[in-house]
Amino acid sequence: MSGTGAQRELIREHAFNSAWLGRRTGLIEDVAFFASPLEDRLRALDGFALVELRAPLSNQLPHAEIARTGFFLADTQLHFRIGLAAVAALPQGPSLAALEVVPALAEPFTVRADEMAPFQHERFLLVPGVSQEKLAERYARWSNELIEKAPRTCVRLVSQGKTQGWFLSEPDGGLLRLALAMAHRGAAMSGMLLYQRALAHYGATGHRVGHAGFSVSNTSVHNVYARLGAQFTAPEGRWLWVTGARP
């Protein structure tokens, strides 16, 4: 097999992002891609509009070759695990207790792009042509896929009859993947209350450990999870390559 062919095998087409963006997107999760000649890498990238590289952060990464290929560091994801039963055991004030958790299994719901609060800590906003509206379409698409797949663990948070936000999760082996937490555009409740109430619900319904990741730039979410007892694990870098990004 040619060097270029081997490099192409290391780029997996990202079907979800391709459908959302309307252009071919790819994903690299093996830094062996950057060990071949630069010309082979560039030919392998031809035909993609967007490619993302995901790799644990380390001084051993081929940072210079990643940059020579046209990738730029777009985000650092902080990963964590959190004991859900411990969150359920925390004291609850009246505001928290009054926040109703409604699983999609009990009352089916969908999430519309125009309902979500704007996203401020999102790497795809660095892609030319991706606006807040386009980004909201991505999250609405992902939200509704999660709801359809795991209606028992996808919940809507309601106060005085008004949706305050959503927490969308799915079983992942023996853990619970805390995939998406979003505030409603018109939410009157703090993010802390939304997160704590949803996590307490998961703990009270038998889930032991949740895991997820979030952008290092999202200090508010970092503080919420730290306050609720999360244990942080190795961070992961997210690099992007976009059409026209040539050395």
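For the structure, check the block above.
Residues numbered from 1 in each chain as written. Predicted model: local features only at pLDDT ≥ 70, side-chain atom pairs only at ≥ 80, totals over all residues. Heavy atoms only, no water.

A. Representation of the pairing of strand β2 (residues 25–28) in the model. Residues T25 and L27 point to one face of β2 and G26 and I28 to the other, with burial holding for every one of them. Examined bridge by bridge, strand β1 (residues 12–13) and β2 share two bridges and lie antiparallel to one another. Residue R12 lies in a different strand from β2, and its bridge partner there is L27. Note that β2 and strand β3 (residues 50–56) share four bridges and pair parallel. Directly across from G26, in β3, lies its bridge partner V51. The β-α-β motif built from β2, the intervening helix α3 (residues 38–45) and the parallel element β3 has right-handed crossover chirality. (Buried < 20%, exposed > 50% of the residue type's maximum accessible area, 1.4 Å probe, protein only. Helix = DSSP H or I, 4+ residues; strand = E, 2+ residues; numbered from the N terminus. Pairing = 2+ DSSP bridges. Right-handed = clockwise from strand over helix to strand, strands pointing away.)

B. Structural view of the pattern of salt bridges. All told, the structure shown has 15 salt bridges when counted by the stated rule. For R68, the salt bridge identified is with E65, shortest N-O distance 3.0 Å. Here E65 and R68 lie together in helix α4 (residues 63–68), a separation of three residues that amounts to about one turn. On the basis of relative accessibility, which here comes to 41%, the residue R68 falls in the partly exposed class. (Salt bridge = Lys/Arg side-chain N within 4 Å of Asp/Glu carboxyl O.)

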